[in-house]
Structure formats: structure tokens, C-alpha cells
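The lines below spell out each chain.
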Amino acid sequence: RTLHAQRDVKTSGYQQELRLVSPNDGPWTWIGGGYISTYKADITSVLYAYPGLAALAGLLDTLPPALVGSLYDPGLGLVATTTGLHPVNASEKALFGEISRTLWDDLKVTLGGRFYSVNVSGTTVTNGANPTNNGTRSISQASKGFSPKVSAAWHISEDLMMYGTISRGFQYGGFNTGTLSSVPPTFKSSTLWNYEAGVRTDWLDRTLRFDLTGFYDVWKNPQVRQVTQDKIGAYTDNVSAARSIGAETTLNYATPIPGLTLESAVAYIVAATTESFDDASGKTVTPGTLLPSSPKLQATTTLAYAHEFSAWRAQTSLTHSYQGHAWNDIVHSYEVGGYSTLGLSFGISRSDLDYTPNLTLQINNLTNVNALSSALGGSDILPLGPELAHQISPRLYVLTQPRNIRLNLSLKF
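Remember, it's a predicted structure, so these values are computed and weren't measured experimentally.

Chemist: What is the right way to look at the overall build of the protein chain in this model?
Modeler: Check the secondary structure of the protein chain and you find 3 helices and 24 strands. Expressed as a percentage of its 413 residues, the buried residues of the protein chain come to 37%. Considering only contacts in the protein chain between residues 6 or more positions apart, those separated by 24 or more positions represent 63%. For the protein chain, the computed accessible surface area is about 23200 Å², with 58% contributed by carbon and sulfur atoms.

So, in C-alpha cells, the structure goes:
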């Protein structure tokens, strides 16, 4: 190992929501309320280069003694960079409401919306071996708006329902740590318009349920992770625009064997940019580029069995999950995903006893699949020099979690 990172985070916060809900005994129903939240954090991140590196001694000799004393820890190594938010404050206020009307006993129409106002502010501090990256910066970000929603559900028969929704979503903006001129101090809030339609069907005396949903999403300023020009850090930036087109299916089947059920969910989604975008290195990302961490295909299938004997209830399940191929960043540095995992669980419980004890044994990644799930791309050029850059790989990989076994005992109070 040549790199080591430490992060110290102290947080505090408060959130409260008040809702008023109408009785559900007439053609009109409604819900309304308010929401408020506050969040405060003090965050320090330190990246160390280990002292066993051949180039470290020579590098330390070139630095002033006072600077070496502040940037070198004998037990950990050279402090390549220290970044922090001291502090960061975030708050959100919102008013929301929704009203529904049932027409002709089988058509339900809903109108709703949410007014929101968010504010994020704080001070970023950076200190490290690269003096051009050092400094303090106070920045803030504020957003407010209205997110409407309209939906309809038509119960054509007891076994068939069609529905559709148009809604607007919102994601917080914020700011980046670090003081490099190439790093934008803030990133914008992103918004999304969702157009969705689907059908729900029941078959075989309602023992088989199959749902199909298609959607089209239009994103404005979607947020993506970028690698800094020094190739040892990352920050958040906005792509001008993107869209997501896809379909999802779910299947639930209560088999003729009592207690044996089959559940399956499959999603096929194509999420891509619709406008040109220049990444941190100056490379132009053309329209139609797939967004990072967005596999086209994902699927999960679970076979479960439950049986009661005397006062005991036992249940077991086998789950297969597939994660499709995707890219780690917006410029497609590395391909990630493209793997399948298995999970097995067994549980036993007694609902007639005090506290309703439940004991569950769970095995995740049963076959111990070792695959690349994400990566932070980079090059071999660091501000610390080519020799040190050759030994410190700025490419950080995250692999699938190895096989693990968990035993859980739960009690209800």
C-alpha cells in the first residue's frame, strides 16, 4: 500500500415534519404539511503517502524544515493534502400538499406540489505539499423552487390497472473542498422531469402479479464526480443536460407449492448526456455519452420458502443479483460492473413469545465473486514529481464485498 486516507467527521442536525391528512372515507382525499431540517458538519480529510516510498526522502529534503514538520507524520508518512470544511451548514424548508379525487369509482386523479428553499454555506480549508493548492475559501449555495406532480390511476378491472405520472424532482447543490483554480467552488442543484406510465396485472386467481413501467426523464444540471487535475482528489460538477429512457418490470408468483414464492425485478435504462460537456482535463464529452455508474441492465430474482410448524415459523431465501456493465466516470476511464452475486438467508421466529424473537443467518456473496464495482480514474502525473507519481497509483479501485456471514437476533419491545 502506498496511500492512506483518514477522515474525521463531526455532525449534528435536526429535522421535523408536520402532516395533516384527510379521512379516507369519501371521493376527496388530501394531505398537506411543512418540513424543516438543519445540518452542521465539521469535516477533515487527510491523504498520506507512506514513508517506504523511495522518492519520499528526496522529496522531504527539498521542503523547508518548518513545512516538513507540519506535513510529515513518522507513523503515517507525508501528508500529500489536507482538506476540510470548517464548518458546513445546510438547511431546508418546504411546504407540500396533495389532493386526490375519485371519478366514476375506478379513476383516481391526483394533483400535488412542493415549495422548497435550501441553503448551503461553509468554509473550505486546504493545506498540503503543493503550495498552489493551499488556502481558505468561504462559499455558499442557495436554491428554491416548486416541484409539481400530476398522476392518474385507472382500475379497468379487478385484475388490470393502468397509471401515469408527471412529476418534477430536485437534488441539493453544494460546494467542493479544495482551492485549486480548476475546481469549481460550487455545483448547481439539479432538477429532473419524470414522465412515467405503467400497467399492473394479476393472473391465475391473483397468485401471479406482473407490472411493467416505462419512463422518460429529462435532467437539467445532473451532478457527476470529476477527478482533479492533480489526479489525487475528486469533486462534483454539473453536466449541462441529460436524459434517461427505460423500462422496469416486477413479477411476484405464489407457486402451487404452499409457502414457495418467486420474485423478480428487471430494469433496462439508458442514461446519457444530451449536450456537450468539458471535463476537468479539457476533454469534450459529446452528446449521447452514457452517464457514470449507470448500467443499462440490472436484475434481481429471489426464491423464498416459508413454513410454520407448531409455534415456529421458518423461512429461507436464495437471491441472485446482476449488475450490468457501466463506466466509472463521465469520460469512461474504466469499465465497472458486469457481475452476478448470490445471497442466502435462513431465519426462524416465534411470534407467540414475549419480544417476538427472530434469529436470522445471512450469507452475502455466496460464491465470493471478486469484481470491480467502481473506480476513480487518473493518470501518472502528480505535482509531487514523476518518480513519486510512478509509485503512488492515483487509480483507486473498489471491489465487490467478499463473502460474509451475519447472524442477527432481533427482539420487539
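Chemist: Is there a simple way to think about the pairing of strand S19 (residues 312-327) in this case?
Modeler: When a strand is regular, its side chains alternate between the sheet's two faces. The sheet contact formed by strand S18 (residues 297-309) and S19 spans 12 bridges and is antiparallel. The partner of Thr301 across the bridge, within S19, is His320. Bridge count for S19 against strand S20 (residues 335-349) is 14 bridges, and the pairing is antiparallel. Pairing of His320 across the sheet is with Leu342, part of S20.

Chemist: Can you walk me through the confidence of the model for the protein chain in this structure?
Modeler: Confidence in the prediction for the protein chain averages 84 pLDDT; 81% of positions are at 70 or higher. Across residues 51-77 the pLDDT falls below 50, and counting only partners more than four positions away or on other chains, this stretch makes 42 contacts in the model. For residues 378-394, every residue scores under 50 in pLDDT, and the model assigns this stretch 37 contacts once sequence neighbours within four places are set aside.

Chemist: Got a minute to help me understand the pairing of S20 in this structure?
Modeler: In the sheet, S20 pairs with strand S21 (residues 358-364) via 6 bridges, with the strands oriented antiparallel. When the bridges of S21 are listed, Leu344 appears paired with Ile363.

Chemist: How do you make sense of a nonpolar patch on the surface when you look at a structure like this?
Modeler: There is a patch of nonpolar side chains on the surface, built from Leu20, Trp28, Trp30, Ile99, Leu111, Val150, Ile166, Trp193, Tyr195, Tyr216, Val218 and Ile245 and spanning about 1100 Å² of accessible area. Elements that contribute at least two residues to the nonpolar patch include exactly strand S2 (28-49), strand S10 (190-203) and strand S11 (208-220). Locating Trp193 in the fold gives a position in strand S10. With relative accessibility at 31%, the residue Trp193 sits in the partly exposed group.

Chemist: What's the story with the packing of aromatic side chains in this structure? I'm lost.
Modeler: What characterises a pair of aromatic rings is the spacing of the ring centres plus the angle enclosed by the ring planes. The tally for this structure, following the rule as stated, stands at 5 aromatic pairs. On the numbers, 4.5 Å between centres and 35° between planes, the contact of Phe115 with Phe146 is tilted. Of this pair, Phe115 sits in strand S5 (residues 107-128) while Phe146 sits in strand S6 (residues 135-157), and the two are 31 residues apart along the sequence. Relative to Phe170, the ring of Tyr116 has its centre 4.1 Å away and its plane inclined at 35°; by these criteria the two rings are tilted. You can see Tyr116 sitting in strand S5 and its partner Phe170 sitting in strand S7 (residues 160-171), a full 54 residues away along the chain. Residue Phe170 is classed as partly exposed on the basis of its relative accessible area, which comes to 27%. Taken together through their ring pairs, the aromatic side chains of Tyr116, Phe170 and Tyr172 make up a single cluster.

Chemist: Got a minute to help me understand the environment of Thr38 in this structure?
Modeler: In this fold, Thr38 is placed in strand S2. Once the C-alpha coordinates of Thr38 and Glu92 are considered, the two residues, 54 residues apart in sequence, prove to be 6.7 Å apart. Those residues in contact with Thr38 that sit more than four places away from it in its chain are Ser12, Gly13, Tyr14, Ala90 and Ser91.

Chemist: I'm lost on the pattern of salt bridges in this one. Help?
Modeler: Pairing is possible between side chains of opposite charge, provided their charged atoms come close. Under the counting rule described, the total for this entry stands at 9 salt bridges. The salt bridge partner of Arg114 is Glu92, with a shortest N-O separation of 3.5 Å. Taken together, the residues Arg114 in strand S5 and Glu92 in strand S4 (residues 77-103) connect sequence positions 22 residues apart. We classify Arg114 as partly exposed; its relative accessible area is 26%. Look at Glu92 and you get buried, because its relative accessible area is 11%. One salt bridge connects Asp159 with Arg206, and the closest N-O pair in it is separated by 3.6 Å. One end of the pair, Asp159, is in the loop between S6 and S7; the other, Arg206, is in the loop between S10 and S11, and 47 residues separate them in sequence. We classify Arg206 as partly exposed; its relative accessible area is 49%. In this structure, a network of salt bridges that share partners links the residues Asp159, Asp202, Arg206 and Arg209.

Chemist: Honestly, the nonpolar core in this entry has me stumped. Any pointers?
Modeler: Here is a general trend for soluble globular proteins: nonpolar side chains tend to be buried in one another's company. Core analysis: the largest hydrophobic core is formed by 9 residues, namely Val224, Val239, Ala242, Ala271, Phe277, Val285, Leu291, Ile330 and Val331. Judged by nonpolar contacts, the second largest core, of 8 residues, contains Ala41, Leu85, Ile139 and Phe175.

Chemist: How should unusual backbone geometry be read in this particular structure?
Modeler: As a rule of thumb, non-glycine residues mostly have phi less than zero, and peptide bonds are mostly trans rather than cis. For Ser293, which is not glycine, the phi torsion reads 55° and is therefore positive. As for its position among the elements, Ser293 is in the loop between strand S17 (284-285) and S18. Positive phi values are uncommon outside glycine, yet Thr356 reaches one of about 45°. Within the secondary structure, Thr356 is located in the loop between S20 and S21. When its relative accessible area of 25% is taken as the criterion, Thr356 is described as partly exposed.

Cut-offs applied
Residues numbered from 1 in each chain as written. Predicted model: local features only at pLDDT ≥ 70, side-chain atom pairs only at ≥ 80, totals over all residues. Heavy atoms only, no water. Helix = DSSP H or I, 4+ residues; strand = E, 2+ residues; numbered from the N terminus. Buried < 20%, exposed > 50% of the residue type's maximum accessible area, 1.4 Å probe, protein only. Contact = heavy atoms within 4.5 Å. Areas by Shrake-Rupley, 256 points an atom, 1.4 Å probe, with all protein chains shown as cover. Pairing = 2+ DSSP bridges. pLDDT = per-residue confidence, 0-100. Patch = residues over 30% accessible without salt bridge, like charges linked within 9 Å, V, L, I, M, F, W, Y side chains within 5 Å. Salt bridge = Lys/Arg side-chain N within 4 Å of Asp/Glu carboxyl O. Phe/Tyr/Trp six-rings, centres within 6.5 Å; stacked < 30°, edge-to-face > 60°. Core = buried A, V, L, I, M, F, W, Y, C linked by side-chain atoms within 4.5 Å.

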